[in-house]
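Structural description and commentary
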Amino acid sequence: MEPLLSLTALASAAFMAGVLWLVQIVHYPLLGAVSGNEATDIAIRHQTLITRVVGPAMVIEALATGGILLVGPAESKIAGFIGFALLCVAVAVTIFRAVPLHVRIAQGQSHLVPELIRINWTRTVAWTLRIPVGVVVAHQALS
């Protein structure tokens, strides 16, 4: 069970990091390049479509990360807590910063896109750092 949990957490973290890098480097800058009603329409569609992509991955990642803390080997507890802390940072920034900015952008405040790009760096870095931490946890679970 421990290897499955650690590999699931690692895979979902890597998936999320990839999504965040794509959004950070490609999608958000493109959103900032359109204005007016187009930006509003794109922001609304983004909210709906991205949730379909990241929602299931975030749930799986949270469950696997929590499982590691509950049943993971003792030697992976420190790395497990670091991974959990990084996930908490990413999710907190998503809920309390990124989502409200998305809502405001969808309401026509497209001037907030640069702020969204700035805020998104925290999520991108947190999910990216979960990869090496996840590798450590997986290695310890598989050893």
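Refer to the preceding data block for the structure.
Residues numbered from 1 in each chain as written. Predicted model: local features only at pLDDT ≥ 70, side-chain atom pairs only at ≥ 80, totals over all residues. Heavy atoms only, no water.

1. What about the side chain of Ser 6?
Its location among the elements puts Ser 6 in helix H1 (residues 2-33). Classification of Ser 6 as buried rests on a relative accessible area of 1%. (Helix = DSSP H or I, 4+ residues; strand = E, 2+ residues; numbered from the N terminus. Buried < 20%, exposed > 50% of the residue type's maximum accessible area, 1.4 Å probe, protein only.)

2. Thoughts on the packing of aromatic side chains
Enumeration according to the criterion identifies one aromatic pair in this entry. Centre to centre, the rings of Trp 21 and Trp 121 are 5.4 Å apart; their planes meet at 75 degrees, and the pair counts as edge-to-face. Linking Trp 21 in helix H1 with Trp 121 in helix H4 (residues 113-142), this pair joins segments that are 100 residues apart in sequence. (Phe/Tyr/Trp six-rings, centres within 6.5 Å; stacked < 30°, edge-to-face > 60°.)

3. With respect to the layout of surface pockets
The method is simple in principle: a probe with the dimensions of a water molecule rolls over the atoms, and the space it marks as empty is what remains. In this model, the largest pocket occupies a volume close to 330 Å³. Forming the boundary of the largest pocket are 19 residues, of which Ile 50, Val 54, Thr 94, Val 99 and Arg 123 lie nearest the centre. Elements that contribute at least two residues to the lining of the largest pocket include exactly H1, helix H2 (36-71), helix H3 (77-106) and H4. When residues of the lining of the largest pocket are assigned to their parent elements, the largest contribution, seven residues, is made by H2. (1 Å grid on protein atoms, 1.4 Å probe; cavity = no way out; pocket = protein on both sides within 12 Å on 5 of 7 lines; lining within 4 Å. Points joined across faces, edges and corners; volume = space filled by probe spheres on them.)

4. With respect to the environment of Trp 127
As for its position among the elements, Trp 127 is in helix H4. We classify Trp 127 as buried; its relative accessible area is 0%. Along the sequence, Trp 127 and Val 19 sit 108 residues apart, while their C-alpha atoms lie 9.7 Å from each other. Setting aside residues no more than four positions away along its own chain, Trp 127 makes contact with Ala 13, Met 16, Ala 17, Leu 20, Met 58, Glu 61, Leu 87, Ala 90 and Thr 94. There is a polar contact of 2.8 Å between the side chain of Trp 127 and the side chain of Glu 61. (Contact = heavy atoms within 4.5 Å. Polar contact = N/O pair within 3.5 Å; in protein donor to acceptor, adjacent residues only side chain to side chain.)

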